[in-house]
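Geometric and topological summary
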Amino acid sequence: MKRTRTDDNVRTFYKRPEKNDAALKAVKVVLTVLGVAAFWLGLWMILSLRVDSELLLPSPVSVFKRLFRLSGTAELWKATGQTLGRILLGYLGGILAGTVLAALTAWSSWISAVAAPVGRIAKATPVASFIILALVWLPAGNIPSFIVFLLVTPIVWDALKTALLSVDKDLLEMAKIYRLGAFRTVAHVYFPSALPAYLSSVITSLGLAWKSGIAAEVLCLPRISIGRLLYESKIYLEMTDLFAWTTLVVILSVIMEAAIRLAVKRFVKSAAPAQGGKTAEAARDNESSASDGEAAATAGPDGSGDAPATAEPEPGVSSVADAPNSGITATNKYSPAAPAAIEIRGLSKSYGSNHVFTDYSASIPSGVTCLTGASGSGKTTLARILAGLEEGDAGTVSGVDHNVVFLFQEPRLLPWRTAAANVALAAPAGRSLRAGAGAAGDADSRPGALLRKLGLTEDDAAKRPGELSGGMRQRVSLARAALSGEALRNAGKRVSLTVLDEPLKGLDPASRAAAVNFIKTELCADGSPVLIITHSREDIDELGGSVLNIDGKTG
């Protein structure tokens, strides 16, 4: 909260300390809860007085007195323990089964088709029908767990499968081009992307699990259970007891939900998820595969992500990362003696009736080549084919393999990782980023050093992409591309091609000068082929090298 004082058109702002804000917020929450509880208890009391019959509607005073007496009996604690155990067993089993089924059905369309009827049946069949069938198949004590399992599994399954299939394909393509591998792609792309929907389904299914578990106990009557005690209270018209047991069920449900929410909150804080569009809680995203703890990143329910720069519209360009390169024949797989130049012969590419280029041939020499041409002429499509991200319809490409460095037009940064940790993704898992062990955001780390060369501070390196400007995100992606090439060279491999798609777009003069120098020293210094896509004559003059128009002319 802020107070203002106006005096001669001068306004002075006094900001309340954050500690006081947190305390005030906590007091408001407590007062709200107490107010709501008082309203409903008061309404209950009024209705009880109007009915004036403890047999029909006991008063809240009578119910809470009876509940207090029951709390001193072994019967209550045994029944509570047994009921909680059954419901938790089915609940946790349903979460596990739903998680496994979601992963399998998202991974394989065949498994999805086979398993789909099971999910539909589980969702469409009334719970009472399952309980009646279970009475024939299972002991009474196992039925509540079975029913809860059946109810929770499809909820978690559907939510997680949908989230996995909705993961940003651009980020998956980024993970492929930077050679993250299956494990790191799951850990750094799939896991944080799907986590918000997954946790939401876990919380949502808890209330349903509790209600269905109690209902199953009432129908199947396990020997020691809250459901049996509810049923007996109803049979013997012990209405005060019936209300007391119902109140206990509500209290236990609230406690369980609060416990699950607290566990989820702590997990979110430590596991770095991104949730639907809110500013994140700070969280450390540990590189589980890095032996030296190379990257520590703040993350959380961020959703703000990159606001990508406007990309050049290429007709029909697909973002599918895993398209096989069947139309392009790689005739010159890398060997230390292989020539560095890239030869393109008779290359054709169409999207339906839209012919991007037909029978296209060109040579890309070692060193810097600036690829120019009108918007929509196929520059980005050509670069994607050379990098293996698209497949051509016909033709051959020689002299380029999978050891490619690629800077996309848009930054494609993971919104739940810091700038430094995004850069660190380009390093192989487990490889130290500096002489001593340390986090990727440290001032003396390699990602930190690369970002400093581009004019970003240590504070900038510790921010997530949503907190950076478009130009800053562009420079972060440049640093990541440089580290990718450096990692290949450190592994004794030659970078067969570096693609920089509009690397200077959206940079102010100072940032542009730093980026030009960075590209020359960090990305173009080893003499391997570098293809820079640009519309700007100024870019060509500053970056140097030969010029290749998309129509094949050189200069």
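Data block above holds the structure.
Residues numbered from 1 in each chain as written. Predicted model: local features only at pLDDT ≥ 70, side-chain atom pairs only at ≥ 80, totals over all residues. Heavy atoms only, no water.

1. Digging into the overall build of the protein
Tallying secondary structure elements over the protein gives 17 helices and 11 strands in all. In the protein, buried positions account for 47% of the 555 residues. Counting every atom, the protein has about 26,500 Å² of accessible surface; 62% of that belongs to carbon and sulfur. (Helix = DSSP H or I, 4+ residues; strand = E, 2+ residues; numbered from the N terminus. Buried < 20%, exposed > 50% of the residue type's maximum accessible area, 1.4 Å probe, protein only. Areas by Shrake-Rupley, 256 points an atom, 1.4 Å probe, with all protein chains shown as cover.)

2. A look at unusual backbone geometry
Phi is positive for Arg-179, close to 55°, though the residue is something other than glycine. Position of Arg-179 among the secondary structure elements: in the loop between α7 (169–177) and α8 (181–220). Here Asp-359, not a glycine, exhibits a phi torsion of approximately 50°, which is positive. Among the secondary structure elements, Asp-359 is positioned in strand β5 (residues 354–364).

3. As for the packing of helix α5 (residues 127–137) against helix α6 (residues 143–165)
Direction vectors running N to C along α5 and α6 enclose 140°, while the axes themselves pass 10 Å from each other. It follows that α5 is oblique to α6 by the angle criterion. The crossing of α5 and α6 is right-handed. In this structure, α5 uses Val-127, Phe-130, Ile-131, Ala-134 and Leu-135 to contact α6, whose residues at the interface are Ile-143, Phe-146, Ile-147, Leu-150 and Leu-151. For the contact of α5 with α6, the per-class residue count stands at 10 nonpolar, no polar and no charged. (Axes fitted to C-alpha atoms, helices over the stretch in contact; angles between N-to-C directions. Parallel < 35°, antiparallel > 145°, perpendicular 65-115°, else oblique. Left-handed = near helix turned anticlockwise from the far one by under 90°. Contact = heavy atoms within 4.5 Å. Nonpolar A, V, L, I, M, F, W, Y, C, P; charged D, E, K, R; others polar.)

4. Examining the packing of aromatic side chains
What the rule picks out here adds up to five aromatic pairs. Taken together, a centroid distance of 5.1 Å and an interplanar angle of 80° make the contact between Phe-39 and Trp-40 edge-to-face. Residue Phe-39 shares its accessibility class with Trp-40, and that shared class is exposed. Taken together, the ring pairs connect Trp-44, Phe-64 and Phe-243 into an aromatic cluster. (Phe/Tyr/Trp six-rings, centres within 6.5 Å; stacked < 30°, edge-to-face > 60°.)

5. Focus: a nonpolar patch on the surface
There is a patch of nonpolar side chains on the surface, built from Val-36, Phe-39, Trp-40, Leu-43 and Leu-47 and spanning about 500 Å² of accessible area. Summarising the element assignment, Leu-47 is placed in helix α1 (residues 18–51). (Patch = residues over 30% accessible without salt bridge, like charges linked within 9 Å, V, L, I, M, F, W, Y side chains within 5 Å. Salt bridge = Lys/Arg side-chain N within 4 Å of Asp/Glu carboxyl O.)

6. Points about the pattern of salt bridges
Counted by the stated rule, this structure contains 20 salt bridges. Note that Arg-86 is salt-bridged to Glu-217, the shortest N-O span being 3.0 Å. Note that Arg-86 is positioned in helix α3 (residues 74–107) and Glu-217 in helix α8, a separation of 131 residues in sequence. Here Arg-86 matches Glu-217 in class, with each residue buried. The partner of Glu-390 in a salt bridge is Arg-384, and the shortest N-O contact between them spans 3.2 Å. Among the charged side chains, a salt-bridge network with shared partners connects Asp-170, Glu-173, Lys-349, Arg-384, Glu-390, Glu-410 and Arg-412.

7. Concerning the nonpolar core
Tyr-360, Leu-382, Leu-386, Leu-451 and Leu-523 are the most contacted members of the largest nonpolar core, which has 78 residues in total. Among the elements that take part in this core, helix α15 (residues 470–490) stands out by supplying eight residues, more than any other. Aside from chain neighbours lying at most four places away, what touches Leu-451 is Ala-419, Ala-420, Val-423, Leu-456, Ala-461, Val-476 and Ala-479. Within the second largest apolar cluster, 43 residues are counted, among which are Val-63, Ala-244, Met-256 and Ile-260. (Core = buried A, V, L, I, M, F, W, Y, C linked by side-chain atoms within 4.5 Å.)

Keep in mind that these numbers describe shape and distance, not what the molecule does.
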